[in-house]
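Spelled out from the first residue to the last, the chains are:
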Amino acid sequence: EIIDKQPSMDEGLFYYIMHRDGTLFDQPGLIPLDEDQYMINLSKPNWYYLFLGYPATFLCQLYQYDPSNEGIREAVMKLLDWLEPNEYVYQSKWSVEVLEAAIEVSKASGGIDRYDVMAEKIASNLIANQNPDGTFYNPTDIDNTWPGTTAEIALVLHQYSLLT
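Residues numbered from 1 in each chain as written. Predicted model: local features only at pLDDT ≥ 70, side-chain atom pairs only at ≥ 80, totals over all residues. Heavy atoms only, no water.

K.L.:
Got a minute to help me understand the pattern of salt bridges in this structure?
P.N.:
Note on pairing: side chains with opposite charge can pair once their charged atoms come close. A full pass over the atoms with the stated rule returns three salt bridges. A salt bridge links glutamate 104 to lysine 107; the nearest nitrogen and oxygen atoms lie 3.3 Å apart. With glutamate 104 and lysine 107 both in helix H3 (residues 96-108), this residue pair falls three residues apart, about one helical turn. Take lysine 107: its relative accessible area is 49%, and that puts it in the partly exposed class. (Salt bridge = Lys/Arg side-chain N within 4 Å of Asp/Glu carboxyl O. Helix = DSSP H or I, 4+ residues; strand = E, 2+ residues; numbered from the N terminus. Buried < 20%, exposed > 50% of the residue type's maximum accessible area, 1.4 Å probe, protein only.)

K.L.:
Please clarify how the environment of threonine 149 should be interpreted in this entry.
P.N.:
Among the secondary structure elements, threonine 149 is positioned in helix H5 (residues 149-163). Given a relative accessible area of 16%, threonine 149 falls into the buried group.

K.L.:
Help me out: how do you make sense of the packing of aromatic side chains in this one?
P.N.:
For any pair of aromatic rings, the description consists of the separation of the ring centres together with the inter-plane angle of the planes. Counted under the stated rule, the structure contains zero aromatic pairs. Sitting over the ring of tyrosine 90, lysine 121 keeps its end group 4.7 Å from the ring centre. (Phe/Tyr/Trp six-rings, centres within 6.5 Å; stacked < 30°, edge-to-face > 60°. Lys NZ or Arg CZ within 6 Å of the ring centre and 35° of its normal.)

K.L.:
It is not clear to me how the packing of helix H4 (residues 113-128) against H5 should be interpreted in this structure. Could you clarify?
P.N.:
Where H4 meets H5, the axes come as close as 11 Å, and the angle between the chain directions of the two elements is 135 degrees. Looking at the two axes, H4 sits oblique to H5. Of the two possible hands of crossing, H4 and H5 adopt the one that is left-handed. Residues Asp116, Ala119, Glu120, Ala123, Leu126 and Ile127 of H4 pack against Ile153, Leu157, Tyr160 and Leu163 of H5. Considered class by class, the residues forming the contact of H4 with H5 number eight nonpolar, no polar and two charged. (Axes fitted to C-alpha atoms, helices over the stretch in contact; angles between N-to-C directions. Parallel < 35°, antiparallel > 145°, perpendicular 65-115°, else oblique. Left-handed = near helix turned anticlockwise from the far one by under 90°. Contact = heavy atoms within 4.5 Å. Nonpolar A, V, L, I, M, F, W, Y, C, P; charged D, E, K, R; others polar.)

Written as structure tokens, this is what we have:
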């Protein structure tokens, strides 16, 4: 439903739609809605792809419990298909959740090549950015000091290794 309500997916995808009419959620008293805070933008590097990766992975897990519901798998595939041509997805540390979704779709579908390729490209980027001490990316970067960043990447890379 969220995909169908998008104003235009040529530039970006709003991932924070709360109302049934497709309007964005805006709470009084908060900073006014800034499109960049609620949108995955295809023309900007290092975007927060995790905001699509998390729901895609969740939908994959739902599909595992109800494999007869092809609509769930198709929704995930729509998200991944939309992200697939974006070169920045393969260069961002925020794509670890997209990697997890690509792994899950590949497992659920018996290995669809484009999702295997997507997973391989993201995994290769993550591995290329592993430090000698086992952490990922610049450990002094504020985004990398969040507890679990290295653990999450390592866990998803382990899941990827089981796929290959």
